[in-house]
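Each chain is listed here by its residues.
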Amino acid sequence: MQKATLFIVATPIGNLEDMTYRAVRVLGEVDLIAAEDTRHSQVLLARYEIDTPLISVHEHNEDERIPALLQRLAQGQSIALVSDAGTPLISDPGFRLLRAAVDEGFSVIPVPGPSALTAAISVAGLPPDRFSFEGFLPAKHASRLKRLERLSRECRTMIFFESNHRILASLHDMRNVFGSDREVVLCRELTKKFETVLRGDLDLLITRLEQDESQTRGECVVLIGGYPGDDTANEGHELARALLEFLPASQAARVAARVSGNSRRELYEGLKNLT
């Protein structure tokens, strides 16, 4: 076991049999496990008879935990970071700890394994060669619409995480922005007992969920097909959105149109939805 090392350890997203041999070994050999929820992780550790001490590190206490964890690393101890499920830092806490360890010169080593992100894209049936991971959308309706508007011309497959109590609202907003016929895949409860993968367009999926409430339960990954237009048009809109940070919408659209060759009016209409 390497000393003074922070291991980023992926754990199962549902099925405990997805634990890797290496992850079991590392969790059993490190001096300390930093877990998002110690009670949750204790179930996994008990399954594999791992008795390494645990300490909680979550979004509300990460900053205050960092000095003590860095001190342990400085003393030559090894620490494993785990989240409740899947690969740490992917829409989970741990980034500030990792950056602090890197800044102090400590070794950081990944122990790869399960991830809802890669599991979903592997079975979705949407283009997997280029995709954009967008994490969780904002909880508030207006902010969510604004984020989606910014993605309206994204040509890559888009992947979102979503909670069960917001899944329908988010799908409705996606339909409003992307159109009712945009291809979508909903992966729900991946690797768990009630795992489902639903495919269709946004109209079809919304109807399916409204008719079957059980399909709104659990953890959801939503994959949306990319904008069907050409990349050149998309680049013009991306440039206009970038310029909007420094220029009024009318000027941003004018500059982007001159550079990209896109219609200034079309670019301006797209920017108006963001302001």
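This text follows the structure it describes.
Since this is a predicted model, take the numbers as computed values, not measurements.

Caption draft 1: A look at the overall build of the protein. The helix and strand inventory of the protein stands at 11 helices and 10 strands. By its C-alpha atoms, the protein is 60 × 45 × 30 Å across when sized along the principal axes. When the 275 residues of the protein are sorted by exposure, 45% land in the buried category. A separation of at least 24 residues holds for 69% of the contacts in the protein among residues at least 6 apart in sequence. Accessible surface computed for the protein: about 14,000 Å², of which carbon and sulfur atoms make up 48%. If the 32 positive side-chain charges of the protein are averaged to one point and the 39 negative ones to another, these points end up 5 Å apart.

Caption draft 2: Examining helix α7 (residues 167-178) more closely. In a regular helix each residue adds 1.5 Å, so 12 residues correspond to 16 Å; α7 covers 16 Å between its end C-alpha atoms and thus fits that length. Among the residues of α7, I167, S170, L171, D173, M174, V177 and F178 are the ones counted as buried. Looking down the long axis of α7, one finds its buried residues gathered within 160 degrees of arc, a one-sided arrangement. Each element contacted by the buried residues of α7 is listed here: α6 (141-150), β7 (157-162), β8 (183-188), α8 (202-211) and β10 (220-224). Looking at the residues trailing α7, positive phi occurs at G179, about 100 degrees.

Caption draft 3: Geometry of the sheet that holds strand β6 (residues 131-136). An order of β6-β7-β10-β8-β9 is seen for the 5 strands of this open sheet, with the pairing classed as mixed. A strand with exactly one partner marks an edge of an open sheet, and here the two such strands are β6 and β9 (196-201). For this sheet, the mean inter-axis angle between neighbouring strands, taken without regard to orientation, is 15 degrees. Pairing analysis gives 6 bridges linking β8 to β9, with the strands arranged antiparallel. For V185, the partnering residue across the bridge sits in β9 and is R199.

Caption draft 4: The arrangement of the packing of aromatic side chains in detail. Scanning the model with the defined rule gives 2 aromatic pairs in all. Consider the rings of F133 and F161, whose centres lie 5.0 Å apart with planes at 65 degrees: the pair is edge-to-face. Linking F133 in strand β6 with F161 in strand β7, this pair joins segments that are 28 residues apart in sequence. Given a relative accessible area of 29%, F133 falls into the partly exposed group. By relative accessible area, which is 10% here, F161 ends up buried. Aromatic side chains F136 and F161 sit 5.8 Å apart centroid to centroid with 70 degrees between the ring planes, which places their arrangement in the edge-to-face category.

Caption draft 5: The arrangement of the sheet that holds strand β3 (residues 54-56) in detail. One open sheet accounts for 5 strands, arranged β3-β2-β4-β1-β5; its pairing is parallel. A strand with exactly one partner marks an edge of an open sheet, and here the two such strands are β3 and β5 (107-111). Averaged over neighbouring strand pairs, the angle between their axes works out to 25 degrees when direction is ignored. Strands in contact with helix α4 (residues 95-103) are β1 (5-9), β4 (79-82) and β5; relative to β1, the strand with the most contacts, it is inclined by about 150 degrees.

Rules behind the numbers
- Starting from 1, residues in each chain are numbered consecutively following that chain's sequence as written.
- Reporting in this predicted model follows two pLDDT cut-offs: at least 70 for local features of residues, and 80 or more for side-chain atom pairs to be given and counted; totals over whole chains, interfaces and linings ignore these cut-offs and use all residues.
- Side-chain measures here rest on the full set of heavy atoms in the structure, leaving out hydrogens and waters.
- Numbering goes from the N terminus for both helices and strands, where a helix is a DSSP run of H or I of at least four residues and a strand is a run of E of at least two.
- Accessibility here uses a 1.4 Å probe with only protein chains present; expressed as a share of the type maximum, an area under 20% marks a residue as buried, one over 50% as exposed, and anything in between as partly exposed.
- Should any heavy atoms of two residues lie within 4.5 Å, those residues are counted as being in contact.
- To measure how exposed things are, a 1.4 Å probe is used in the Shrake-Rupley method; for residues, cover is taken only from the protein chains shown.
- Counting rule applied: Lys, Arg positive; Asp, Glu negative; His and chain ends not counted.
- Charge coordinates come from a single atom per side chain, which is NZ of Lys, CZ of Arg, CG of Asp or CD of Glu.
- Here a helix's expected span is defined as the number of its residues, less one, multiplied by 1.5 Å.
- The arc refers to the directions leading from the helix axis to the C-beta atoms.
- Pairing between strands is defined by DSSP: at least two bridges between them are needed.
- Angles shown run from 0 to 180 degrees and are taken between the N-to-C directions of axes, each axis being a line fitted to C-alpha atoms and, for helices, limited to the stretch in contact.
- The criterion for an aromatic pair is that two Phe, Tyr or Trp rings (for Trp, the six-membered ring) have centres within 6.5 Å, with stacked assigned to planes under 30 degrees apart, edge-to-face to planes over 60 apart and tilted to the rest.

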